[in-house]
Structure formats: structure tokens, C-alpha cells
Amino acid sequence: MMGRSLNRLLVFGILGLLVLAPLATIVFEALQPDASHHHGMALLQLGVDQHFIHALLGTAGMAALAVVFALPIGLILALLMFYAPPKFSLLWEGLILIPFLIPPYLTAEAWTLLVGPVGLIEQLIHGLGTPLENFLYSLAGMAAVMALHLTPLVYIILRAALQNGDFRLIQAARVHGAGLWRAFRVGVLPLVLPALAAAGLLVFLDTSAEFGVPALLSGYAGVTVLSTSIEAATNVWPVNLPRASAIGLVLCTLGIVAWFFYRPLANENRGQIHQLHYPSRWWSMLPLAAFVLIAMLLPIGAVLAVSFEKAITVGLKFSNFTWHHYHHILSHQSSAFGALETSLELAALVAFGTMVAALLTANIVRRGGRFAAFLDLLATLPMAIPGVVLAVGMILFWNAPWNHLPVFGTTAILGVAYATTTFPFAMRYARAGLAQIPPLLDNASRVHGSGPLRTFLKVHIPIAWPMLIGGATVVFALSMRELVASLMLQPAGVQVISTYIYANFRQGVIGDGMAMSVIGVLSSALILGVARGLLLRR
């Protein structure tokens, strides 16, 4: 009994430091006077702040347009892959999911290299680069970049809904003379509406929280959003932490509301993607290939091409080919190698520590009860909190004058940030692993004299380990790509992969940044491939 109480106290302490403490400091700071106004709470000052209102409208507009772009594309992809799968459907499915492996800020950087009067598209198709550049540097262009990144998630959600549906309804509609559209409207659309709503909320939530894409494109587009306004309030002199906290609280509230609507819809849409049994259709490859070209081949092709070029303006010529950028990154004396080494070490430590904490939490949640439900809610709450808001909360909490823990200003603060943002994913894998353990095994272990710790080590871990390894690799890959927390919290003299890529792109040293991007994307794909292999073996 004492051991179980200590376990609960430990888990609550971990989640309190990771989630509750940063949120509490944000709420407290938002209620302080704005640094630019010596009277009135910062939160109340936002009501008459025109810059904030424009940023709020820009955020809502970008998120809404991303939903408008991503939902139809994801639905079309899901319908084609389910009803009219092409040959080699598993290969096509993998290609559809790859854009999600590419960080959205990298997709934005890639498209800035593709468009424009000297872009790669203009070099191949004269006259097309400038119109595409005008579209990219707009509110709709920013939303389109986010839609390319999030459409694979929409596809997964809708595909699971289609797989779990009762399709005797559509067959009955066709038998009774309904046309194809009416049969779809009667037999399919009601089945996927909850999934469409869940996917739309997820796209809206992720887009409204995005920092990297607006940071790269919004200045040229003349658009302001909440995430970049928060970052500016913490990094541009004079620093205004009450204002950053107030805007963060608004953005956090927006995310939590969307997340609370998403949770019950997602629970209605649980399922697995299985191999298709419908006859193959060759024509379905055409729209699939169009999406793969725009969302994956062109961005990756641009990143690869620039990573091998001596000068971007020279173009795609053999004389412009070089290995210099990769040689520079892999040189032990370079700052790039230091950033790569730091990212790998941090991601590995975070993956191990986060999975251990998630496993302890999932073991409590598995037993049920009110406290378990509260812990489950707390563990998944970071999914609803934008990374830029969490970063502000960590600045306020870990850099507070009364907080003497040696975390802020060291690489440990990056590890804490990564652990917080990835904890919901680790929790999902830990719960899935423990769910495979029959209660009879626990009872048998106790009957034969094993205590809770021995049962945990000898029974739970051997059964759940494939899911735990899979979760650790996902946490590793996500930690490698985290941008906004790394930018806002990185100590002086420390860089990681994401900040190196971002800084080099902003400074015009694009070749080195793109070479680092190739290494980062390949490492993420390799890690996630290992996770998928372990899960399939299981």
C-alpha cells in the first residue's frame, strides 16, 4: 500500500512539474500589469489591443483555411485508398504518410526554395515561379503548407472510420436505385461525419499552435498570428512577459476548448488500418500521385537539390554539385556536428525518461478511479497546449527568482520541454502496451508470492516491451524536430538540429541548413520505421 502511494506521489510530482507548474505561472503572470501599461491586468489590456485582435483573426483565419484545404484532400485520399486502391497500395499509403514526417517549418522552407523568380520551379517551368510565390506568401499559402503537413493525419482518421463502418448501407442504397452520389451521402457520409469533425478540430488545433510556418512566411505575407506575437513579446526588447502570458492564455484556452471537443469524437473513431480487399483501380493513382508530388516529392527534392548545390542562383547544373555541406556538418570541429550530437543525446535521454514516467502513469491509470482519470487528463493535456505557450510557462517557472533548481540556462531545460510536449504520445503507447496484459496474469503472479515491483518487471515489461520501444522511438523522432521550445529555451552557445536549420535559413546559409534537414528527416524516418517494424512483429 505504501509503495502504491509513493508511486502516485511520484507520478503526480512529475506531471505537476511538467504541466501544472508552467500553466499556473502563465495564469499568474497574465493577471499582472502589462509592462507597457502600468495599470490594468495584461489579460484585460488585450481587449483594446489592435495588434492582438489582428493576430487573433490571423490565427483563426489560417487555421480555418487549413481545415478547408486538408479535409477534402484527406477524404478523397481515404475514399480512393479504401474503395479504389491502386496496385502496391501499401507503398502508396507509406508515401501519403511521409509528409507528416517532414516538420512543417521545413516544408515552408522547401517551398520558398521552389517558388520565386530564381526558384527551382521557375528554372524548369518559366513563368510559374512568381505566381506561386505570391500565393505562398499569403494567409492561404501559410494554411496550404500546414494542410500539406496535416493531411496524412486526416487520412488516417477517415480511413479508420471507413474501415470500421457498416457498408451494407451503401450496398442497400445502390440496390434500391440510388446513384453514386446519393449512396455516398446516405451510406458513407453519416459514418465519417464524426471522424471529419475530429480531424477538422485536430487540424485547427495544430495549425493555430504552429510557430515555424508563420515565423518564416507571415512577415512577407503581412499577417500576424498569436504564436509569433508571443515569441516576439519574450525575445524583442522591451521584453513583456505579462503580455506574452496573456496572449498565451488566450491561445491555450482556444486549444483546450478544441481538444475537449476532439477527445469524445476521437473515442468514437477507434480502429486499425487493415489491408484492403477491394479490386485495384489504375486511375486512382493519378490523384494520389498529385498529392505525393506536391506534399512530398517537390519539397524533399528541393531540400536535396539545395543541399548539394554550391550556389542556389547557378541552378541545377553538374558543375554546381558539391559534398561540402555534408562534409561541414559531419566534421567534428563544426557547430553543425555539435548541434547534431546534442540533439541525438537529448532525444535519447528524453525518450528513455519519458517512457519510464509514462509507464508509471499508465500503470496507475490502468487500475481506474477518479485519481487515475485525473492523471490521464493531465498526461494528455500537453496535446492541447501550444508549444510556444509551454515555453513561456517554463521560462516563468524555471527562471523564477525563488526557483533554485539548476535547470534553466542548461540543456536540461530543453529535455524538460521535449518531455512535456511528447508525454501524451508516450502515454498512449504505454497504455496500449499495458492493455495487452490479461488481469489473470496479475492475479497469478500475486498468488505465487510476487510483489507489485516483481510483477511489474517480470510480467508487465516482457509483454508490453514492443509498444514501449515503439513509443520511445516516436518520442525520439519528435524531440529531434521540436522547434519553438528549442528557440525560446536554448541556453547560450547550445544549438540543436531544428534551431541550426532555422538559423541558417534565416541567415542565408541555406546549403548547410538543407543538408542538416536531410540528415534530420532520414533519422526520423529510420527511427519511426523501426517502431513500425516492432509493432507489426507484435
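Note that the coordinates shown come from a computational prediction; the quantities given were computed from them, not determined experimentally.

Draft legend 1. How the structure looks around the overall build of the protein chain. When you go through the protein chain residue by residue, the secondary structure sums to 24 helices and zero strands. Out of the 538 residues belonging to the protein chain, those deemed buried represent 54%. Taking as baseline every contact in the protein chain between residues at least 6 positions apart, the subset at least 24 positions apart corresponds to 77%. For the protein chain, the exposed surface amounts to about 24,800 Å²; the carbon and sulfur share of it is 69%.

Draft legend 2. Highlighting a nonpolar patch on the surface. On the surface, Val27, Leu31, Met41 and Leu44 cluster together to form a nonpolar patch covering roughly 330 Å² of accessible area. Relative to the helices and strands, valine 27 is located in helix α1 (residues 2–30).

Draft legend 3. Main features of the pattern of salt bridges. Taken as a whole and judged by the stated rule, the model has three salt bridges. One salt bridge connects arginine 159 with glutamate 93, and the closest N-O pair in it is separated by 2.7 Å. Linking arginine 159 in helix α8 (residues 139–164) with glutamate 93 in helix α4 (residues 89–101), this pair joins segments that are 66 residues apart in sequence. Overall, glutamate 93 belongs to the buried group, its relative accessible area being 9%.

Draft legend 4. Representation of unusual backbone geometry in the model. Of note in this structure, phenylalanine 88 is not a glycine but carries a positive phi near 60°. Structurally, phenylalanine 88 is set in the loop between α3 (50–83) and α4. The exposure class assigned to phenylalanine 88 is exposed, which follows from its relative accessible area of 66%.

Draft legend 5. Broad picture of the packing of α4 against helix α14 (residues 285–307). Between α4 and α14, whose axes approach to 9 Å, the crossing angle comes to 40°. In terms of axis orientation, α4 runs oblique to α14. Here the hand of the crossing between α4 and α14 comes out left-handed. Across the interface between the two elements, Trp92, Leu95, Ile96, Ile98 and Pro99 from α4 touch Met285, Leu288, Ala289, Phe291, Val292, Ala295, Met296 and Ile300 from α14.

Draft legend 6. A look at the confidence of the model for the protein chain. In this model, the protein chain carries a mean pLDDT of 83, and residues with pLDDT of at least 70 account for 84%. Considering only residues more than four positions removed or in separate chains, one finds that residues 270–276, a stretch of pLDDT under 50, has 13 contacts.

Draft legend 7. Quick peek at the nonpolar core. Core analysis: the biggest nonpolar cluster contains 161 residues, and Leu217, Leu489, Met514 and Met516 have the highest contact counts within it. Each residue touching leucine 217, except ones within four places of it in the same chain, is listed here: Ala108, Thr112, Leu136, Tyr137, Met142 and Val145.

Draft legend 8. Quick look at the environment of isoleucine 469. Relative to the assigned elements, isoleucine 469 resides in helix α21 (residues 452–481). Between the C-alpha atom of isoleucine 469 and that of alanine 426, which follows or precedes it by 43 residues, the distance is 9.9 Å.

Draft legend 9. Up close: the packing of aromatic side chains. What the rule picks out here adds up to eleven aromatic pairs. The interplanar angle of 35° and the centroid separation of 6.3 Å between the aromatic rings of phenylalanine 12 and phenylalanine 374 together place this pair among those described as tilted. You can see phenylalanine 12 sitting in helix α1 and its partner phenylalanine 374 sitting in helix α17 (residues 370–380), a full 362 residues away along the chain. Judged by relative accessible area, phenylalanine 12 falls into the partly exposed class, the value being 32%. In this structure phenylalanine 374 comes out as partly exposed when scored by relative accessible area, which is 36%. Seen from their ring centres, phenylalanine 321 and tryptophan 323 are 5.8 Å apart, and the 85° between their planes marks the pair as edge-to-face. You can call phenylalanine 321 partly exposed: its relative accessible area is 36%. By relative accessible area, which is 55% here, tryptophan 323 ends up exposed. Here the guanidinium or amino end of arginine 481 rests over the ring plane of phenylalanine 100, the centre of that ring lying 5.7 Å away.

Draft legend 10. Broad picture of empty space enclosed by the protein. Considering all chains together, one arrives at two cavities of 30 Å³ or more under this definition. Estimates place the volume of the largest cavity at around 80 Å³. Lining the largest cavity we find Pro103, Tyr105, Leu106, Met480, Arg481, Ile497, Ile501, Met516, Ser517, Gly520, Val521 and Ser524. Among the secondary structure elements, those contributing two or more residues to the lining of the largest cavity are α5 (104–114), α21, α23 (497–507) and α24 (510–537). Looking at which element gives the most residues to the lining of the largest cavity, the answer is α24, with five residues.

Draft legend 11. Region of interest: the side chain of threonine 151. With respect to the helices and strands, the residue threonine 151 is situated in helix α8. A relative accessible area of 0% places threonine 151 in the buried class. Not counting residues within four places of it along the chain, the set of residues in contact with threonine 151 comprises Ala70, Ile73, Gly74, Leu77 and Phe291.

Draft legend 12. Just the side chain of asparagine 320, in detail. Along the chain, asparagine 320 turns up in the loop between α14 and α15 (324–329). Judged by relative accessible area, which is 3%, asparagine 320 ranks as buried. Those residues in contact with asparagine 320, other than ones at most four positions away along the chain, are Phe308, Glu309, Lys310, Ala311, Val314 and Gly315.

Draft legend 13. Broad picture of the environment of glutamate 133. With respect to the secondary-structure elements, glutamate 133 resides in helix α7 (residues 129–136). For glutamate 133, a relative accessible area of 24% puts it in the partly exposed group. Spatially, the C-alpha atom of glutamate 133 lies 5.1 Å from that of glycine 116, the residues being 17 residues apart in sequence. Beyond its immediate chain neighbours, meaning those up to four positions away, glutamate 133 contacts Val115, Gly116 and Pro117.

Draft legend 14. Spatial organisation of the environment of isoleucine 98. Here isoleucine 98 is to be found in helix α4. On a C-alpha basis, the gap between isoleucine 98 and methionine 296 in space is 6.8 Å, while along the polypeptide they are 198 residues apart. Beyond its immediate sequence surroundings of up to four residues, isoleucine 98 is in contact with Met296 and Ile300.

Rules used in this analysis
Residues numbered from 1 in each chain as written. Predicted model: local features only at pLDDT ≥ 70, side-chain atom pairs only at ≥ 80, totals over all residues. Heavy atoms only, no water. Helix = DSSP H or I, 4+ residues; strand = E, 2+ residues; numbered from the N terminus. Buried < 20%, exposed > 50% of the residue type's maximum accessible area, 1.4 Å probe, protein only. Contact = heavy atoms within 4.5 Å. Areas by Shrake-Rupley, 256 points an atom, 1.4 Å probe, with all protein chains shown as cover. Patch = residues over 30% accessible without salt bridge, like charges linked within 9 Å, V, L, I, M, F, W, Y side chains within 5 Å. Salt bridge = Lys/Arg side-chain N within 4 Å of Asp/Glu carboxyl O. Axes fitted to C-alpha atoms, helices over the stretch in contact; angles between N-to-C directions. Parallel < 35°, antiparallel > 145°, perpendicular 65-115°, else oblique. Left-handed = near helix turned anticlockwise from the far one by under 90°. pLDDT = per-residue confidence, 0-100. Core = buried A, V, L, I, M, F, W, Y, C linked by side-chain atoms within 4.5 Å. Phe/Tyr/Trp six-rings, centres within 6.5 Å; stacked < 30°, edge-to-face > 60°. Lys NZ or Arg CZ within 6 Å of the ring centre and 35° of its normal. 1 Å grid on protein atoms, 1.4 Å probe; cavity = no way out; pocket = protein on both sides within 12 Å on 5 of 7 lines; lining within 4 Å. Points joined across faces, edges and corners; volume = space filled by probe spheres on them.

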